[in-house]
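Report on the structure
One letter stands for each residue in the lines below.
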Amino acid sequence: HTQTERSHQLMDASPSTIQFAFETVQSALKNCSPFLEHSLMIAWCADKAKCKALVLNACQKVLRAPINADEYSWFQRYLIPSSIWMLQATEERFMFQELMALVDKESADIVQSMNSVYLHLRSHPKWSELMAIADECVVDRQDHHSVGLLLNDGIRRIADDRKTNDTNNGEDSVTSVFVDSQLGITSLGVTGKNIDHEFQKYIGSVMCPYGNFQAAQLKKV
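For the structure given in this document, a descriptive report is provided here. (Residues numbered from 1 in each chain as written. Predicted model: local features only at pLDDT ≥ 70, side-chain atom pairs only at ≥ 80, totals over all residues. Heavy atoms only, no water.)

A few points about the packing of aromatic side chains
One pass over the structure, following the stated rule, counts 5 aromatic pairs. Considering the side-chain rings of Phe35 and Tyr78, the 5.8 Å spacing of their centres and the 40° angle between planes classify their relative orientation as tilted. Here Phe35 is found in the loop between helix 2 (15-31) and helix 3 (37-46), whereas its partner Tyr78 is found in helix 5 (residues 69-79), with 43 residues between them in sequence. Among the aromatic residues, those joined into a cluster by ring pairs are Phe35, Trp74 and Tyr78. (Phe/Tyr/Trp six-rings, centres within 6.5 Å; stacked < 30°, edge-to-face > 60°. Helix = DSSP H or I, 4+ residues; strand = E, 2+ residues; numbered from the N terminus.)

Quick notes on the pattern of salt bridges
Tallied over the full model, the rule gives 3 salt bridges. Residue Lys52 pairs with Glu98 through a salt bridge whose shortest N-O separation is 3.9 Å. Taken together, the residues span a long stretch of sequence, with Lys52 in helix 4 (residues 48-63) and Glu98 in helix 6 (residues 95-122) at a distance of 46 residues. A relative accessible area of 19% means that Lys52 is categorised as buried. What you see here is one network of salt bridges that share partners, running through Lys52, Arg93 and Glu98. (Salt bridge = Lys/Arg side-chain N within 4 Å of Asp/Glu carboxyl O. Buried < 20%, exposed > 50% of the residue type's maximum accessible area, 1.4 Å probe, protein only.)

Some points on the side chain of Gln200
Within the fold, Gln200 resides in helix 9 (residues 174-207). The class of Gln200 is buried, set by a relative accessible area of 17%. Setting aside chain neighbours within four positions, we find Gln200 in contact with Phe213, Ala215 and Ala216. (Contact = heavy atoms within 4.5 Å.)

Digging into the packing of helix 4 against helix 5
Each pair of packed helices gets described by two things: the angle between the helix axes and the distance between those axes. Interaxial distance between helix 4 and helix 5 falls to 9 Å at its minimum, and their mutual angle equals 140°. Here helix 4 runs over helix 5; the crossing is left-handed. Facing Val55, Ala58, Cys59, Lys61, Val62 and Leu63 of helix 4, the residues of helix 5 in contact are Glu71, Tyr72, Trp74, Phe75 and Leu79. (Axes fitted to C-alpha atoms, helices over the stretch in contact; angles between N-to-C directions. Left-handed = near helix turned anticlockwise from the far one by under 90°.)

Details of a nonpolar patch on the surface
There is a patch of nonpolar side chains on the surface, built from Tyr202, Val206, Met207, Tyr210 and Phe213 and spanning about 560 Å² of accessible area. Along the polypeptide, Tyr202 turns up in helix 9. (Patch = residues over 30% accessible without salt bridge, like charges linked within 9 Å, V, L, I, M, F, W, Y side chains within 5 Å. Areas by Shrake-Rupley, 256 points an atom, 1.4 Å probe, with all protein chains shown as cover.)

Section: unusual backbone geometry
We note that Cys32 has phi near 55°; this positive angle belongs to a residue other than glycine. Assignment of secondary structure puts Cys32 in the loop between helix 2 and helix 3.

Regarding the environment of Arg64
With respect to the helices and strands, Arg64 occurs in the loop between helix 4 and helix 5. By relative accessible area, Arg64 is classed as partly exposed at 44%.

A short note on the packing of helix 3 against helix 4
Their axes nearest at 5 Å, the elements helix 3 and helix 4 cross at an angle of 130°. Taken together, the axis directions place helix 3 and helix 4 in an arrangement best described as oblique. Residues Leu40, Ala43, Trp44 and Ala46 of helix 3 form the contact with helix 4, whose participating residues are Lys48, Cys51, Lys52 and Val55. Looking at the contact of helix 3 with helix 4 residue by residue, the class counts come to 6 nonpolar, no polar and 2 charged. (Parallel < 35°, antiparallel > 145°, perpendicular 65-115°, else oblique. Nonpolar A, V, L, I, M, F, W, Y, C, P; charged D, E, K, R; others polar.)

Let's talk about helix 2
For an α-helix, the turn length of 3.6 residues means that residues three or four places apart are oriented alike. Helix length check: helix 2 (17 residues) gives 25 Å between terminal C-alpha atoms against 24 Å at 1.5 Å per residue, within 8%. Positive phi shows up at Cys32, right after helix 2, with a value of about 55°. (Expected span 1.5 Å × (residues − 1).)

A few points about helix 4
For helix 4, which comprises 16 residues, the first-to-last C-alpha distance of 22 Å matches the rise-based estimate of 22 Å (1.5 Å per residue) to within 8%. Looking at helix 4, one finds that the buried residues are Cys51, Lys52, Leu54, Val55, Leu56, Ala58, Cys59, Gln60, Val62 and Leu63. Next to the buried residues of helix 4 lie helix 2, helix 3, helix 5 and helix 6.

By themselves these figures say nothing about function.
Next comes the structure, spelled out in structure tokens:
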């Protein structure tokens, strides 16, 4: 509310400054450049309809697949925290509702594309042979002996206690839950970070005969 009052005061005092502020915010939204919250509010007061369209177009650009990491980072840092989402876009809807409608639309397009790929695969003559392959669980946990992770004494003792509880139909202890949901995950994350360079180097040497190889990002918790 205070920002809106200041914006109206500035509009009355210097219309040319308002126009310059609007054009600057327009460029920032089109180019995914940093901007200040007050400047965005001034642009909204100067021309609500155009500013609404600019903001939503910027969101659509960022959220349309494939998503650019830098543009998404800008979106999270500058657009998402803005108070503009609490403003009324129309008499019936707020700006955050416009954003959610946009997100639903972009998600629907992605789901439709995935469904199209699935239908295309089903048309393959060997699809039934592929689906006839039975599932087989070789390793069900990262602390399996063949994996070699999470084998230190403290974690193994908790794992053995868990097996005893399973045998006796008992409930997992608080310590067991902590190891599974916190300590074990953190340990796996550290291990993944440590071996990532060596792993990607090896995979790159295997895949290089087939074209350009680009490493995927580490899994996030």
